[in-house]
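# Coordinate analysis (summary)
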Amino acid sequence: MSVRSFENMHPRLGDKVFIDPTALVVGDVEIGNDSSVWPMATIRGDVHSIKIGERTSIQDGCVLHVTHAGPYDPEGHDLIIGHDVTIGHKAMIHGCTIESNCLIGMGSVVMDNAIIRSNVVLGANSLVPPGRELEGGFLWVGSPARKIRALNDEEIQFFKYSAENYVKLKDRYLAG
C-alpha cells in the first residue's frame, strides 16, 4: 500500500483499515476503523484535510481530494465522509461533505462545498454541483442531481448491509 506523508502531515488509520497496495493515501487524511480503500483509489489530503468515518468503503478508481485556500475561495474546503458510506467505483469526491449512511453511485461527481445529508442514494453518473445540498432520505439521480423519490425502510437498511458486507470482504483481504 502507498500511504505517504506530505509536509509533515501523516495519514492516520483506524483499527483494521484495509488499503489496497495499488491505492494512494497521502497527507492530512484520517480513515476510521473497519474502512476500506480499494484498487487504484486516490485519497489526497495535501492542501486541506480529509476525514473518512468508520465502515466506509472507497471503491476502485475513486478520486478523493480537497480545495485549497486561495483568492477565489479563502477558506478552501476539506472533505468529510461519514460512517457506513459506500462510494461506488470511479466516483470523484471533491471538497464536500457526505454524511453517514449513503451510497454514492459509480462514476458520480460531488463538487466543492456540496453537502449530502444522511440516508441518500446518489445514482450512478450523477453530478452534485458546487454548494448544492441533497436532502436526506431520498434517491437523487442525474446531472445535475434531482430528487426522485423517498427511500423506503428496506432501502435505508441497505446502507448497513453494504457497509457490513465490505467490512467482511476487507477482513478477508487482511487475513491474506
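Residues numbered from 1 in each chain as written. Predicted model: local features only at pLDDT ≥ 70, side-chain atom pairs only at ≥ 80, totals over all residues. Heavy atoms only, no water.

- The protein chain goes by Gamma carbonic anhydrase family protein in an unreviewed UniProt entry, where it is assigned to Aliikangiella coralliicola.

### Brief notes about the nonpolar core
- Among the nonpolar cores identified, the biggest contains 35 residues, and I43, I58, I87, I93 and I116 are the most heavily contacted of them.
- Mapped by element, the contributors of at least two residues to this core are β4 (24-31), β6 (42-52), β9 (79-81), β13 (102-104), β16 (120-122) and β19 (138-141). (Core = buried A, V, L, I, M, F, W, Y, C linked by side-chain atoms within 4.5 Å. Buried < 20%, exposed > 50% of the residue type's maximum accessible area, 1.4 Å probe, protein only. Helix = DSSP H or I, 4+ residues; strand = E, 2+ residues; numbered from the N terminus.)

### Some details on unusual backbone geometry
- With an omega of 5°, the peptide bond running from S143 to P144 counts as cis.
- Structurally, P144 can be placed in the loop between β19 and β20 (146-150).
- Even without glycine at this site, R55 takes up a positive phi of about 60°.
- Residue position: R55 is located in the loop between β6 and β7 (57-58).

### Quick look at the pairing of β6
- As defined by bridge partners, β4 adjoins β6 across 7 bridges and the pair is classed as parallel. Across the sheet, L24 pairs through a bridge with T42, a residue of β6.
- Relative to strand β8 (residues 63-65), β6 is paired through 2 bridges, and the arrangement is parallel. Residue pairing for β8: T42 is matched across the bridge by V63.
- Alignment of β6 against β9, held across 3 bridges, turns out to be parallel. Within β9, the residue paired with I52 across the bridge is I81. (Pairing = 2+ DSSP bridges.)

### Remarks on the packing of aromatic side chains
- Within the structure shown, the criterion is met by 5 aromatic pairs.
- On the basis of an interplanar angle of 50° and a centroid distance of 5.0 Å, the ring pair of F18 and W38 is categorised as tilted. Of this pair, F18 sits in strand β3 (residues 18-19) while W38 sits in the loop between β5 (36-37) and β6, placing them 20 residues apart in sequence. Of the two residues, F18 and W38, both sit in the buried class.
- Aromatic pair F18 and Y173: ring centres 5.2 Å apart, planes at 45°, arrangement tilted. Taken as a pair, F18 in strand β3 and Y173 in helix α1 (residues 153-175) lie far apart in primary sequence, 155 residues in all.
- On the basis of relative accessible area, Y173 is assigned to the partly exposed category, the value being 45%.
- Through a chain of ring-to-ring contacts, three or more aromatic side chains come together here, namely F18, W38, Y166 and Y173.
- For K147, the ring lying beneath its charged end belongs to F138, and the centroid distance is 4.4 Å. (Phe/Tyr/Trp six-rings, centres within 6.5 Å; stacked < 30°, edge-to-face > 60°. Lys NZ or Arg CZ within 6 Å of the ring centre and 35° of its normal.)

### Brief notes about the side chain of T67
- Secondary-structure assignment places T67 in the loop between β8 and β9.
- A distance of 3.5 Å separates a polar atom in the side chain of T67 from a polar atom in the side chain of H94.
- Among the polar contacts listed, one links the side chain of T67 to the side chain of D112, at a separation of 2.9 Å.
- Leaving out residues up to four positions away in the same chain, T67 has contacts with V47, H48, D73, G76, H77, H94, G95 and D112. (Polar contact = N/O pair within 3.5 Å; in protein donor to acceptor, adjacent residues only side chain to side chain. Contact = heavy atoms within 4.5 Å.)

### Focus on the sheet that holds β3
- Judged by pairing direction, the sheet is mixed, and its 8 strands sit side by side in the order β3-β5-β7-β10-β13-β16-β19-β20 without closing on themselves. On the outer flanks of this sheet lie β3 and β20, each paired with one strand and no other.
- In this structure, β7 lies alongside strand β10 (residues 86-87), joined through 2 bridges in parallel fashion. Its bridge partner lying in β10, I58 is registered against I87.

### Considering the pattern of salt bridges
- The full count for this structure, using the stated rule, is 12 salt bridges.
- Across the pair E30 and R12 runs a salt bridge, and its minimum N-O distance is 3.8 Å. You can see E30 sitting in strand β4 and its partner R12 sitting in strand β2 (residues 12-13), a full 18 residues away along the chain.
- Classification of R12 by relative accessible area gives partly exposed; the value is 38%.
- For R44, the salt bridge is made with D46, and the minimal N-O distance between the two is 2.4 Å.
- With a relative accessible area of 35%, R44 lands in the partly exposed category.
- Of the residues examined, D46 reaches a relative accessible area of 15% and is grouped as buried.
- Salt bridges sharing common partners tie together E54, R55, D84 and K160. (Salt bridge = Lys/Arg side-chain N within 4 Å of Asp/Glu carboxyl O.)

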